[in-house]
Amino acid sequence: MSDQNHAPTSRSKPPPPGEEEAGAVLKLGEFEDVDTLTLSEASLVINALMAKRRKDRKDRNETDVLNKTLAYLDSFSRFKQKENVEAVERLLSAHKELTKFERAHIGSLCCDSADECKTLIPSIADKISDEDLQELLDEMGKLIST
């Protein structure tokens, strides 16, 4: 038998995770105070930009990634009309006890109950009462596009 040198069979160790974490305590690192959009807001912004580019005949930059992003936003944006997106933003902005990140997630997830929302966004657990959160979710629910 010959003695052959084989490459190691174990996988290399994955790189350590960054400082960012969206758990019970938010650790957003360099993104701490960055403005955050809901999926509906992102859809409005990108679609408005694309409409302007098409109007100006500058639509050469439509990539497959951009088209897939627009399709994703179209599928998962819960608020389709601009007036409703703005109304949701006003509702969310009234809750200064929540970070921009948390408000954007509440606006994107559109949970049915305060319990579900606090489970999916654990950092809001001690920031807003179940009653206030449920009231916010109910008001947002009235604006959801079908």
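Residues numbered from 1 in each chain as written. Predicted model: local features only at pLDDT ≥ 70, side-chain atom pairs only at ≥ 80, totals over all residues. Heavy atoms only, no water.

Under an unreviewed UniProt entry, the name given to the chain is RNA polymerase Rpb4/RPC9 core domain-containing protein, and the source organism is Parathielavia appendiculata. As stated in UniProt under Sequence similarities (unreviewed entry), the record for the chain gives "Belongs to the eukaryotic RPB4 RNA polymerase subunit family." UniProt's Subcellular location (unreviewed entry) comment on the chain is quoted here verbatim: "Nucleus". (UniProt positions renumbered as here; feature names shortened; annotations may be inferred.)

> When you look at the overall build of the chain in this model, what are you seeing that I'm missing?
For the chain, the helix and strand inventory stands at 6 helices and 2 strands. Going from the N terminus to the C terminus, the chain shows its helices and strands as β-β-α-α-α-α-α-α. Residue burial in the chain is summarised as follows: out of 146 residues, 29% are buried. Restricting the contact set of the chain to residue pairs at least 6 apart, pairs at least 24 apart contribute 60%. (Helix = DSSP H or I, 4+ residues; strand = E, 2+ residues; numbered from the N terminus. Buried < 20%, exposed > 50% of the residue type's maximum accessible area, 1.4 Å probe, protein only. Contact = heavy atoms within 4.5 Å.)

> How do you make sense of the nonpolar core when you look at a structure like this?
Among soluble globular proteins, nonpolar side chains are generally buried collectively. By size, the foremost hydrophobic cluster in this structure holds 19 residues, and its most contacted members are Phe79, Ile106, Cys117, Ile124, Leu133 and Met140. Elements supplying a minimum of two residues to this core: α3 (82–93), α5 (114–120) and α6 (130–141). In contact with Leu133, not counting residues within four places along its chain, are Ile106, Ala114, Cys117, Lys118, Ile124 and Ile128. (Core = buried A, V, L, I, M, F, W, Y, C linked by side-chain atoms within 4.5 Å.)

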